[in-house]
Every structure is written in C-alpha cells, then in structure tokens.
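# Examining the three-dimensional arrangement
The residues making up each chain are set out below.
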Amino acid sequence: MPPQQSASGKATLDSSHTEMSEILMPNDTNNLGRALGGSVLHWMDICGAISARRFSNRQVVTAAMDHVDFIAPIELGDIVTITGYVFDTGRTRMDVKVDVQTERPTAEETNEAATSFFSFVALDTSETPTPVPALHCPTEAQRELRDIALEQRQKRRQNLA
C-alpha cells in the first residue's frame, strides 16, 4: 500500500502500520526452548523497516535502535506478532515504535514480549539520505498512538539518563 501523501508532502501514521507474524520454530530458540534475542531483534528490525518504507516510499536503513525491553519469554511454538508504525519524523529520519506480542492459542493466552524504538533514514536512488514526508495524524486514534509513543520514548530516555 503506497503512503497516503497529500500535496503538502505528508504521510499518515496509518500508512506506515505494519503487522507480521511468525511461529517460533526450533532454529530460532536457545537451549531452554525460548526465542533467541537475536531472532526477535531481527524480526523487529524488519517490521520497523517495512513501516518506514511504507511511510516514505523509499529504501531505508536502520540508523539507531533504543534498548530493547524483553518483557516475557517467547516459547517454542508460540505465535509471535510484531507491529510497528512511524510516530515521529525529522528531515530524513523516521522513528518507529515496534512491539512484540506472543499468542498461545491452546492456552487462549496473549502476552507482551518485547518493545523498542527504531530510527530509519530514507535513501534516494544514489543511496544518499533524502527528505521524508511530514507525519500527518488525521484521526484521534492516530494522534493518540503518536502521543503514547512519544511519551513512552521520552520516559525511557529519562530513566536511562
């Protein structure tokens, strides 16, 4: 889905929304049968990159990742859902909130598993940083998601300082 851009060069938060799912298989587990942190980070990075590409309609590269909070283990066989969306932009930068949730259908259980914030830079055809659209949040739901992400990131940075 191409970004919903207006003549003023804006794209919506919804145009960046990405959701992907995996099943935790043995190749992505440690000796305890739980997800390898590197596999989870890989999925989060891909989800964030898709969000940034949808938003900017450009190739993107990962510029930064805040620390990751691993909230709960992901067990072998769990369904893992990764969601991301652009919540802030700079001239060439897009900030993406990425969350990971697990589902155990047999137990009718879902849990938050991980969360982080990523920054991506848009590239032109020469692989040079290029401007991105301004973030536009036309609905109350989009404004709320943006504000929650901005507040959570600020609190995390304050706690680290």
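Residues take numbers from 1 onward in each chain, read along the sequence in its written order. Side-chain atom pairs in this predicted model are given and counted only at pLDDT of 80 or more, local residue features only at pLDDT of at least 70, and totals for whole chains, interfaces and linings cover all residues. The side-chain figures draw on all heavy atoms in the structure; neither hydrogens nor water molecules are used.

## Section: the overall build of the chain
Rules: Secondary structure follows DSSP: runs of H or I at least 4 residues long count as helices, runs of E at least 2 residues long count as strands, and numbering of each begins at the N terminus. Radius of gyration means the value over C-alpha atoms here, while the globule rule gives 2.2 Å times the residue count to the 0.38 power. Here a residue-residue contact requires only that any non-hydrogen atoms of the pair lie within 4.5 Å. Each accessible area is a Shrake-Rupley estimate made with a 1.4 Å probe; only the visible protein chains count as cover when residues are assessed. All tallies of charge rest on Lys and Arg as positive and Asp and Glu as negative; His and the ends of each chain are not included. All charge positions are set by atom: Lys at NZ, Arg at CZ, Asp at CG, Glu at CD.
Looking only at helices and strands, the chain features 3 helices and 8 strands. The globule rule puts the C-alpha radius of gyration for 161 residues at 15 Å, and the 16 Å found for the chain is close to it. Expressed as lengths along the three principal axes of its C-alpha atoms, the size of the chain is roughly 50 × 35 × 35 Å. Put simply, 72% of the contacts in the chain that link residues at least 6 apart link residues at least 24 apart. Total accessible area on the chain stands at roughly 8700 Å², and carbon and sulfur atoms take up 49% of it. On the chain, the mean spot of the 15 positive side-chain charges and the mean spot of the 22 negative ones are 8 Å from each other.

## Some words on unusual backbone geometry
Stated formally: Each residue is placed in one exposure class: buried if its accessible area under a 1.4 Å probe, protein chains only, is under 20% of its type's maximum, exposed if it is over 50%, and partly exposed if it falls in between.
Its identity is not glycine, yet Asn57 carries a phi of approximately 60°, on the positive side. On the basis of relative accessibility, which here comes to 56%, the residue Asn57 falls in the exposed class. A positive phi angle is found at Glu127, which is not glycine, with a value near 60°. Position of Glu127 relative to the elements: it lies in the loop between strand 7 (109-123) and strand 8 (134-136).

## Considerations on the confidence of the model for the chain
Detailed reading of predicted coordinates is not advised where the pLDDT is low. Applied cut-off: pLDDT expresses how confident the predictor is about each individual residue, on a scale running from 0 to 100.
Averaged over every residue, the pLDDT of the chain is 93; the share at 70 or more is 95%. Below pLDDT 50 for its whole length, residues 1-8 participates in 17 contacts with residues either more than four positions away or in separate chains.

## Some words on helix 2 (residues 37-56)
Along an α-helix, residues three or four apart share an orientation, since each turn contains 3.6 residues. We count it as follows: To estimate the expected span of a helix, count its residues, drop one, and scale the result by 1.5 Å.
The end-to-end C-alpha distance of helix 2 is 28 Å, a good match for the 28 Å that 20 residues give at a rise of 1.5 Å each. Looking at helix 2, one finds that the buried residues are Ser39, Val40, Trp43, Met44, Cys47, Gly48, Ala49, Ser51, Ala52, Phe55 and Ser56.

## Examining the UniProt feature "domain: HotDog ACOT-type" (unreviewed entry) in the chain
What counts is decided by this rule: UniProt positions are given in the numbering used here, feature names are shortened, and annotations may be inferred rather than shown by experiment.
The positions UniProt marks with the feature "domain: HotDog ACOT-type" (unreviewed entry) are residues 14-126. Annotated as 20% helix and 47% strand, the span residues 14-126 places its first and last C-alpha atoms 28 Å apart.

## Topic: the packing of aromatic side chains
The criterion, for reference: The pairing test for Phe, Tyr and Trp rings, Trp by its six-membered ring, is centres within 6.5 Å, and the orientation test on the planes gives stacked under 30 degrees, edge-to-face over 60, and tilted for anything in between.
On inspection of all chains with the given rule, the structure shows 2 aromatic pairs. Ring geometry for Phe118 versus Phe120: centroids 6.1 Å apart, planes at 15°, classification stacked. With respect to class, Phe118 is no different from Phe120; both count as buried.

## Digging into the state of the cysteines
Rules: When the sulfur atoms of two cysteines come within 2.5 Å, that pair is taken as a disulfide.
Per the counting criterion, the structure on display carries 0 disulfides. Cys47 carries a free sulfur, and the closest cysteine sulfur to it, the one in Cys137, is 17 Å from it. Judged by relative accessible area, which is 0%, Cys47 ranks as buried.

## Some details on the pairing of strand 6 (residues 93-104)
Rule in force here: Strand pairing requires that DSSP identify at least two bridges connecting the strands.
With 10 bridges joining them, strand 5 (residues 79-89) and strand 6 adopt antiparallel strand pairing. Within the sheet, the bridge partner assigned to Ile82 lies in strand 6 and is Val100. The loop that links strand 5 with its antiparallel partner strand 6 comprises 3 residues. Hairpin connection, strand 6 to strand 7: the antiparallel pair is bridged by 4 residues, and Glu108 has positive phi, about 50°.

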